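Next come the chains, spelled out residue by residue.
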Amino acid sequence: MRHVLGIDIGSTGIAAAVCRDVGERWSEPVAGPLVESVVHVAFDATVSVGAEALRRSVGEPDRVARGFLRRIGDDVPFLLGDELYTAEALTAAVAGWVVDQIAADEGEPAERIAVTHPPSWGTYRRKLLLDALAAAGLPPAMLLPTPVAAAEGHLARERIDPQTLVGVVRIGGEHADLAVLRRGPATFDLVAHAEPAEPTAGKTLDDLLFDHVRERCGDVAPSALRLVCAEAKERLSAVPETEIGPVRVTRAEFDRLARPGLLATLDPLRRYERLSAVLLVGGTAAVPLLAELAGELTGCRVVAEPEPAFAVARGAALVARLGEGAPVESTALVPKVTGFPDLEPEDAYDDEPVPPRPPVVLTPLEPPRRRFAPSRRGGSRSEDDE
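For clarity, every value in this text was computed on a predicted model and none was experimentally measured.

**Q** Please give an account of the packing of helix 2 (residues 87–106) against helix 3 (residues 123–135) that cites residues and values.
**A** One can describe the packing of helix 2 onto helix 3 by two numbers: an axis separation of 8 Å at closest approach and a directional angle of 50°. Our classification of the angle between helix 2 and helix 3 gives oblique. In this structure, the crossing between helix 2 and helix 3 has a hand that is right-handed. Across the interface between the two elements, Glu-88, Ala-89, Thr-91, Ala-92 and Ala-95 of helix 2 pack against Leu-128, Leu-129, Ala-132 and Leu-133 of helix 3. In the contact of helix 2 with helix 3, the residues fall into seven nonpolar, one polar and one charged.

Printed below as a string of structure tokens:
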């Protein structure tokens, strides 16, 4: 079926959403399963992602990579086995894997895709990713900052008047991005952004809960306890208390652990008094304390987006749905420096400078090969699939 696709590649999870052509209109975005953000590249350059990549990593741990999207712009490549791959090539391969999985269900590749990126990116890193997506043979691609995608998803449900300022907080497993957007005549403009150097994100909260429980229960294997704590954190978003092994933990206890770090992460929002609302997205946005703290800091309405782990992907799919005939580059502006500059100066924005090069010469490599017909859902691809 004719469709467009929004892809959000995070440090810990990969989310995708599909809008289908159902005749005279496009459907609303439908999210697929969240896939762990890990890629395995085999000796013959076939690509596996998520659970299959983890399974293959047991025997080939040197062929697995994580955190590739945020490494784009770094000339130091990933060494997988005996081959070198740039971060943008791996990101494009993962995007291709997502396109392939959806194509297997829909019967054809996506007509267009929209891929999100951190709000700090300028033209240099955006061009690297666009070129890699094209080199990997993907459908026509649009790029847009994650907060813009989140705001577009919110706009589909609620009116936002022109010139209105909206805050967007995305807290995932490892990173946090804060941004302020201004609603323009046709899209959202990125006014300012901040990326805390040491954010309290999902894995940090897992660690805090792990240390808290381990102090009271020292006879549980650390690896098993850490996984249980991650699951308990998610349960505490919906219930007032839960059991972690023999230890009962309440949401109030968890909130006491999480409050200092989350306050520090959200602190840049204090600088804005004219926000109409703050949108919370990312997997960690489901933690109720986050909305409480954001409201305390800003004094404005706080909206925790439905299924926050998929909110950015759904917004990206909506942009792709409306993007027929549009240029592939986002028009959002990026500040010269990370932080919250004044809103009005005309010279507050500029293209991102090219990062300094390391003192080595690197040989450019082709991106990993991709297949459009996987042999089984979520599995690797073989030459017979071509």
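**Q** Before we move on, could you go through helix 7 (residues 251–266) and cite the residues and values that matter?
**A** Of all bends in helix 7, the biggest is about 45°, found at Ala-258, and the proline Pro-260 comes one to four residues later. Burial in helix 7 covers these residues: Glu-253, Phe-254, Asp-255, Ala-258, Gly-261, Leu-262, Thr-265 and Leu-266.

**Q** Give me the sheet that holds strand 5 (residues 38–41): which residues, what numbers.
**A** Reading across the sheet, the three strands line up as 6-5-7 and stay open at both edges, with antiparallel pairing between neighbours. Pairing within the sheet leaves two strands with one partner each, and these edge strands are strand 6 (47–49) and strand 7 (64–66). Neighbour to neighbour, the strand axes of the sheet diverge by 25° on average, direction disregarded. Pairing of strand 5 with strand 6 involves three bridges; the strand directions are antiparallel. Among the inter-strand pairings, Val-39 is bridged to a residue of strand 6, identified as Val-49. The strands that helix 2 touches are strand 5, strand 6 and strand 7; relative to strand 6, the one it contacts most, it runs at about 75°.

**Q** Lay out the sheet that holds strand 17 (residues 275–281) in plain terms, naming residues and giving numbers.
**A** Read across the sheet, five strands follow the order 14-13-12-17-18 without closing on themselves; strand pairing throughout is mixed. Two strands lie at the open edges of the sheet, namely strand 14 (188–194) and strand 18 (301–304), each paired on one side alone. Here the strands of the sheet are splayed against their neighbours by 25° on average, with no regard to which way each runs. As defined by bridge partners, strand 13 (residues 176–183) adjoins strand 14 across six bridges and the pair is classed as antiparallel. By the bridge assignment for strand 14, Arg-182 is matched with Asp-189. Across the sheet, helix 4 (residues 146–155) lies against strand 12 (165–171), strand 13, strand 14, strand 17 and strand 18, angled at about 55° from strand 13, the strand it touches most.

**Q** So, the packing of aromatic side chains: which residues are in play, and what are the values?
**A** A complete count under the given rule lists zero aromatic pairs for this structure. One Lys or Arg, Arg-71, reaches over the ring of Phe-78 and ends 4.2 Å from the middle of that ring. Between the NZ or CZ atom of Arg-226 and the centre of the ring of Phe-210, over which it lies, the distance is 4.0 Å.

**Q** Run through the nonpolar core, naming residues and quoting values.
**A** Ranked by internal contacts, the top residues of the largest apolar core, which has 43 residues, are Leu-5, Ile-7, Ile-113 and Leu-133. Per-element accounting of this core gives the leading share, 10 residues, to helix 2. Excluding residues within four positions of it along the chain, Ile-7 makes contact with Ala-15, Ala-95, Val-98, Val-99, Ile-113, Ala-114, Val-115, Thr-116 and Ala-316. Counting 38 residues, the second-largest nonpolar core is a separate cluster that includes Ala-192, Ala-258, Ala-285 and Cys-300.

**Q** Residue-level account of the pattern of salt bridges, with values.
**A** Per the counting criterion, the structure on display carries 27 salt bridges. Here Glu-195 ties to Arg-70 by a salt bridge, and the two come within 3.6 Å at their closest N and O atoms. Pair noted here: Glu-195 is in the loop between strand 14 and helix 5 (202–216) and Arg-70 is in the loop between strand 7 and strand 8 (78–80), with a separation of 125 residues, a long-range link. Residues Glu-305 and Arg-157 are paired through a salt bridge, measuring 2.5 Å at the closest nitrogen-oxygen approach. Highlighted residues: Glu-305 in the loop between strand 18 and helix 9 (311–322) and Arg-157 in the loop between helix 4 and strand 12, separated in sequence by 148 residues. Overall, Arg-157 belongs to the partly exposed group, its relative accessible area being 45%. Overlapping salt bridges, with partners in common, bring together Arg-2, Asp-21, Glu-111 and Arg-112 in one network.

Conventions adopted
- Residues numbered from 1 in each chain as written.
- Predicted model: local features only at pLDDT ≥ 70, side-chain atom pairs only at ≥ 80, totals over all residues.
- Heavy atoms only, no water.
- Axes fitted to C-alpha atoms, helices over the stretch in contact; angles between N-to-C directions.
- Helix = DSSP H or I, 4+ residues; strand = E, 2+ residues; numbered from the N terminus.
- Parallel < 35°, antiparallel > 145°, perpendicular 65-115°, else oblique.
- Left-handed = near helix turned anticlockwise from the far one by under 90°.
- Contact = heavy atoms within 4.5 Å.
- Nonpolar A, V, L, I, M, F, W, Y, C, P; charged D, E, K, R; others polar.
- Bend = angle between axes of the 7 residues up to and from the residue.
- Buried < 20%, exposed > 50% of the residue type's maximum accessible area, 1.4 Å probe, protein only.
- Pairing = 2+ DSSP bridges.
- Phe/Tyr/Trp six-rings, centres within 6.5 Å; stacked < 30°, edge-to-face > 60°.
- Lys NZ or Arg CZ within 6 Å of the ring centre and 35° of its normal.
- Core = buried A, V, L, I, M, F, W, Y, C linked by side-chain atoms within 4.5 Å.
- Salt bridge = Lys/Arg side-chain N within 4 Å of Asp/Glu carboxyl O.

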